[in-house]
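Next come the chains, spelled out residue by residue.
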Amino acid sequence: MNNLKVKTTFFCTNCGAESPKWIGKCSSCGEWNTYTEEVVEKKSQTQEKEKIWKSAKSEKIIPKKLDEVGTLNTSRINTRDNELNRVLGGGLVQGSIILVGGQPGIGKSTLLLQMALQISTRVLYVSGEESEEQIKMRANRIGNQNKECFVYTDINVHNILKEAVKLEPNVIIIDSIQTLVSPYIDSTPGSISQVKECTGDLQRFAKETNIPVFIIGHINKEGGIAGPKLLEHIVDVVLQFEGDQHYAYRILRTLKNRFGSTDEIGIYAMDVHGLKEISNPSELLISPDDDQLSGSAIAASVEGLRPLLIETQALVSPSIYGTPQRSATGFDLRRLSMLLAVLEKRCGLPFGQNDVFLNIAGGIKVTDPSIDLAVVAALISSLHDIHISKKVCFAGEVGLSGEIRPVSRVEQRIQEAARLGFELIFISGYKSEILSKKNFNIEVKMLSRIDDLLRDVFA
Ligand SMILES: [Zn+2]
């Protein structure tokens with residue numbers, strides 16, 4: 001009788017925590033109503049799982065003298081993609097497991113298929129999402145250079161690992177973790193217990209065979225990778241592929257890296273042939289200054305470790321309806337509301353009677369607070385219909401009392417602006433004595449408050 005009973009467990013859909021019974025509030029992450037019931041074990045299967053791969057490469061692990069342990073740097077694989085190498089911390093580490101997350105349709109498969117076709121080593125590309133023919137069509141568009149790129153379409157993680165042992169690839173790509181199933185678990189692909197189990201199998205495989213494994217994971221509505229945060233703890237590296245589907249630019253961000261810094265970003269542009277590496281992103285994110293339109297200002301921003309000059313565009317127009325509209329693309333809407341409130345309160349500018357639309361050029365999501373000053377300049381420019389020269393740029397955070405706060409890496413920003421031929425940069429005047437003594441190939445003006453901006457830029 002008891003044998004017929006199916007074993008189920010409750011999982012938190014936010015963090016992946018387990019509980020034998022349903023609970024309203026997750027004790028692990030504190031979220032409410034996140035627990036769902038899932039079947040975890042097959043009813044007939046309780047004995048020890050068979051070892052599904054006999055690894056040729058794995059050796060028995062015995063205690064070693066620290067002197068005899070090799071360093072990680074010696075075993076990095078060049079992916080032939082400079083941006084990807086950069087975010088991985090200088091290439092792909094043997095035996096590592098890398099999660100590439102992002103919204104569906106953003107280009108994760110293209111990114112990794114392109115790497116599989118460029119890299120000069122044997123790759124196994126496993127897809128549970130597309131047929132072999134669909135992958136072939138995409139590969140033809142990208143241009144196939146790697147004769148050692150194998151495709152395999154299966155969703156059973158044990159079959160995949162058995163094939164991998166036979167093929168002996170040097171890199172494995174899984175597209176995607178949400179399609180995989182373990183035969184030991186009854187729940188559906190994409191459920192938390194399946195994702196957990198399959199990732200665990202892939203992780204053990206990577207460690208024992210020393211073959212690096214890329215896992216593609218779709219981001220859910222809440223922005224978490226593959227649902228459970230738990231995945232992020234299992235893997236060595238978490239990369240996030242970001243961008244707006246309506247624009248060509250994509251940013252590859254490192255959220256976690258056991259083998260390098262998390263400050264690096266990679267920048268790509270998507271076209272019909274795939275993703276192009278952008279080594280000089282600043283020049284691309286600024287539109288030409290032909291039209292002399294108002295409402296646009298350039299921010300000397302830093303994303304990761306890279307300086308990035310980005311155009312901010314604002315449209316301010318009188319509200320037709322009672323409630324003024326606020327809309328922001330690539331910029332936090334609450335932050336925009338805060339900046340508008342500061343402008344209204346500290347400078348008496350009548351944004352309350354106007355609709356405000358803000359856009360960051362290229363569809364790039366900016367996390368650097370230094371973009372505030374350019375946003376404020378673009379807003380005032382549109383309100384007063386005064387054009388700001390495209391030879392001028394801004395770097396400063398705006399505080400609640402209208403003060404302009406200093407930002408990190410200000411010298412790097414100034415140098416990048418100078419390199420790109422800008423003639424004037426506005427920065428915070430706070431603690432800038434050292435900077436004012438330096439010689440830059442660009443005029444540097446210090447501002448303490450937004451009032452100074454009004455005086456110096458819009459007088
Ligand atoms: Zn939780």
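All values reported here derive from a predicted model rather than from experimental measurement.

Reading the values: the criteria
- Residues numbered from 1 in each chain as written.
- Predicted model: local features only at pLDDT ≥ 70, side-chain atom pairs only at ≥ 80, totals over all residues.
- Heavy atoms only, no water.
- Donors = N, O, S within 2.8 Å, 3.2 Å for Na, K, Ca; no water.
- Tetrahedral: all angles 85-135°; square planar, octahedral: opposite > 155°, others 65-115°.
- Buried < 20%, exposed > 50% of the residue type's maximum accessible area, 1.4 Å probe, protein only.
- Core = buried A, V, L, I, M, F, W, Y, C linked by side-chain atoms within 4.5 Å.
- Helix = DSSP H or I, 4+ residues; strand = E, 2+ residues; numbered from the N terminus.
- Domains from an automatic or database assignment.
- Expected span 1.5 Å × (residues − 1).
- Contact = heavy atoms within 4.5 Å.
- Pairing = 2+ DSSP bridges.
- Axes fitted to C-alpha atoms, helices over the stretch in contact; angles between N-to-C directions.

1. Focus: the coordination of the zinc ion
Coordination of the zinc ion by the protein comes from Cys 12 (SG), Cys 15 (SG), Cys 26 (SG) and Cys 29 (SG), over a distance range of 2.3 Å. Each of the four donor atoms around the zinc ion contributes to a set of angles spanning 107 to 112°, which defines the coordination as tetrahedral. Mapped onto the sequence, the residues coordinating the zinc ion show the spacing C-x2-C-x10-C-x2-C. With relative accessibility at 2%, the residue Cys 26 sits in the buried group.

2. A look at the nonpolar core
Leu 343, Leu 379, Phe 394 and Leu 453 are the most contacted members of the largest nonpolar core, which totals 48 residues. Sorting elements by how many residues they give to this core places helix H8 (residues 372-384) first, with eight residues. When residues of this core are assigned to domains, at least three fall in each of domain 2 (77-279) and domain 3 (283-458).

3. So, helix H7 (residues 333-347)
For H7, built from 15 residues, the straight-helix expectation of 21 Å at 1.5 Å per residue is met to within 8% by its first-to-last C-alpha distance of 21 Å. The complete set of buried residues in H7 reads Leu 336, Met 338, Leu 339, Leu 340, Val 342, Leu 343 and Cys 347. Where the residues of H7 are buried, they touch strand S17 (326-329), strand S18 (354-360), H8, strand S20 (397-398) and helix H11 (450-458). Positive phi shows up at Gly 348, right after H7, with a value of about 65°.

4. Details of H11
Of all the positions in H11, only Ile 450, Asp 452, Leu 453 and Phe 458 are classed as buried. Here the buried face of H11 lies against H7, H8, strand S19 (392-395), S20, strand S21 (404-405) and strand S23 (443-447).

5. Here we look at the sheet that holds strand S7 (residues 123-127)
Pairing in this open sheet of nine strands is mixed, and the strands run S8-S7-S9-S10-S6-S11-S12-S13-S14 from one edge to the other. Looking along the sheet, the strands with just one partner apiece sit at the ends: strand S8 (149-152) and strand S14 (274-277). Adjacent strand axes in the sheet meet at a mean angle of 25° when their direction is disregarded. Note: strand S12 (residues 249-257) against strand S13 (residues 265-271), five bridges, orientation antiparallel. Bridging from a neighbouring strand, Ile 251 pairs with Ile 267 of S13. Docked against the sheet, helix H4 (residues 157-167) engages S7, S8 and strand S9 (171-175), running at close to 155° with respect to S8.

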